[in-house]
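Per-entry structural report
Okay, here's what each chain looks like letter by letter:
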Amino acid sequence: MPDMVRKVHYAYVTAASKPGEAARVLEALRAANVNLLALSGFPQGRNKAQIDLVTDDLAALKAVA
């Protein structure tokens, strides 16, 4: 299988580190039909978390923000 390289965009969101926050962010993206290629989430300090979002349509992601 040949390798394929394409340009994508990366953005991140900081949110409260509590249950359901990532689901809330992802639901908003789903409702706006934002195509996510990847995501990652991790704690950022004691009460915050960071959610990294990778998409091929940064304009759609910005519209949701």
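This is a predicted model, so every value here is computed, not measured.

Some remarks on the overall build of the protein chain
The number of helices and strands found in the protein chain is two helices and three strands. When the helices and strands of the protein chain are read in sequence order from the N terminus, they spell out β-α-β-β-α. Seen along its three principal axes, the alpha-carbon backbone of the protein chain occupies a region of about 40 × 25 × 15 Å. Going through the 65 residues of the protein chain one by one, you find that 20% of them count as buried. For the protein chain, the accessible surface area stands at approximately 5,000 Å², while carbon and sulfur atoms represent 55% of it.

Side note on the side chain of Glu21
On the secondary structure map, Glu21 appears in helix H1 (residues 21–31). Looking at Glu21, its side chain comes within polar contact range of the side chain of Arg24, at 2.9 Å. Dropping the residues within four chain positions of it, Glu21 is found in contact with Ala15 and Ala16.

What about the sheet that holds strand E2 (residues 36–43)?
Overall, antiparallel pairing links the three strands, which are arranged E1-E3-E2 in an open sheet. Each end of this open sheet is capped by a strand with a single partner; those strands are strand E1 (9–16) and E2. Neighbouring strand axes in the sheet, compared pairwise and without regard to direction, differ in orientation by 20 degrees on average. Where E1 meets strand E3 (residues 48–55), eight bridges bridge the pair, whose relative direction is antiparallel. The residue bridging Ala16 from the neighbouring strand is Lys48, located in E3.

Observations regarding H1
Restricting attention to buried positions, one finds in H1 the residues Glu21, Val25 and Leu29. One side of H1 holds all its buried residues, which, seen down the axis, span an arc of 75 degrees. Set apart from the buried face of H1 by more than 90 degrees, the exposed residues are Ala23, Arg24, Arg30 and Ala31. In the core, the buried residues of H1 are packed alongside E1, E2, E3 and helix H2 (58–64).

Some points on unusual backbone geometry
In most cases, non-glycine residues show a negative phi, while peptide bonds are predominantly trans. Of note, the phi angle at Asn33 is positive, near 60 degrees, even though the residue is not glycine. You can see Asn33 is positioned in the loop between H1 and E2.

So, how was this worked out
Residues numbered from 1 in each chain as written. Predicted model: local features only at pLDDT ≥ 70, side-chain atom pairs only at ≥ 80, totals over all residues. Heavy atoms only, no water. Helix = DSSP H or I, 4+ residues; strand = E, 2+ residues; numbered from the N terminus. Buried < 20%, exposed > 50% of the residue type's maximum accessible area, 1.4 Å probe, protein only. Areas by Shrake-Rupley, 256 points an atom, 1.4 Å probe, with all protein chains shown as cover. Polar contact = N/O pair within 3.5 Å; in protein donor to acceptor, adjacent residues only side chain to side chain. Contact = heavy atoms within 4.5 Å. Pairing = 2+ DSSP bridges. Axes fitted to C-alpha atoms, helices over the stretch in contact; angles between N-to-C directions. Arc of directions from axis to C-beta.

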